[in-house]
Amino acid sequence: MSDEPIDLAVALAGFDQLWSPRIVTRVNDYDVRIAKVAGEHVWHVHDHTDEFFLVLDGQLRIALRDGDDERAVVLPRGAVYVVPRGVPHRPSSEDGASILMFEPSGTSSVGDRHHEVPDHVDATTGHAL
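Residues numbered from 1 in each chain as written. Predicted model: local features only at pLDDT ≥ 70, side-chain atom pairs only at ≥ 80, totals over all residues. Heavy atoms only, no water.

Caption draft 1: Layout of the overall build of the protein. A tally of regular secondary structure across the protein gives one helix and ten strands. Along the protein, from the amino end to the carboxyl end, the secondary structure elements read α-β-β-β-β-β-β-β-β-β-β. Within the protein, the fraction of its 129 residues that count as buried is 42%. Taking contacts inside the protein between residues at least 6 apart in sequence as the whole, the part at least 24 apart equals 68%. (Helix = DSSP H or I, 4+ residues; strand = E, 2+ residues; numbered from the N terminus. Buried < 20%, exposed > 50% of the residue type's maximum accessible area, 1.4 Å probe, protein only. Contact = heavy atoms within 4.5 Å.)

Caption draft 2: Highlighting the pairing of strand 5 (residues 60-66). Across seven bridges, strand 5 lies against strand 6 (residues 69-75) in antiparallel orientation. If you follow L60 over to strand 6, its bridge partner there is L75. Counted along the chain from strand 5 to the antiparallel partner strand 6, the turn is two residues long, and its residue G67 has a positive phi close to 65 degrees. Sheet topology note: the strand 5/strand 8 (residues 89-104) ladder contains four bridges and is antiparallel. Its bridge partner being in strand 8, A63 is matched across the sheet by R90. (Pairing = 2+ DSSP bridges.)

Caption draft 3: Geometry of the pairing of strand 4 (residues 51-58). Where strand 4 lies against strand 7 (residues 80-83), four bridges are found, and the strand directions are antiparallel. What sits directly across from L54, in strand 7, is V80. Pairing of strand 4 with strand 8, which is carried by six bridges, proceeds in the antiparallel orientation. Looking at the pairing, D57 lines up with S98 of strand 8.

Caption draft 4: Focus on the packing of aromatic side chains. Under the counting rule described, the total for this entry stands at one aromatic pair. Directly above the ring of F15 sits R22, whose terminal nitrogen or CZ lies 4.4 Å from the centroid. When the ring centre of F15 is taken as reference, the NZ or CZ atom of K36 above it lies at 5.3 Å. (Phe/Tyr/Trp six-rings, centres within 6.5 Å; stacked < 30°, edge-to-face > 60°. Lys NZ or Arg CZ within 6 Å of the ring centre and 35° of its normal.)

As far as function goes, none of this settles anything; it's purely spatial.
See the structure below:
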């Protein structure tokens, strides 16, 4: 990890892979990750941790399931949302977005239970910048 300030715009310009997070830095035992997203991600669940999202650019939609009920939250640029542990969810972005996430180091971005991971997702625990 760098001991210098990190420009998130520069970091985001350094890769093109979708839904494949990059680890910007660490805070205690948590990764601070950025990702470019577009289209739909996979339905997944984090059994042991909440998941924090901050939209840096664009708009993110997060579909959430509670039993047979489904709802969605829409996050414009600058909005934050926490998906509670154990809640099935599927992030998506129709026009593309850049996001920042806090997750315990080593946490898979597709959670503990998930649908099949698409081939274009090249890392689920993040690449170092």
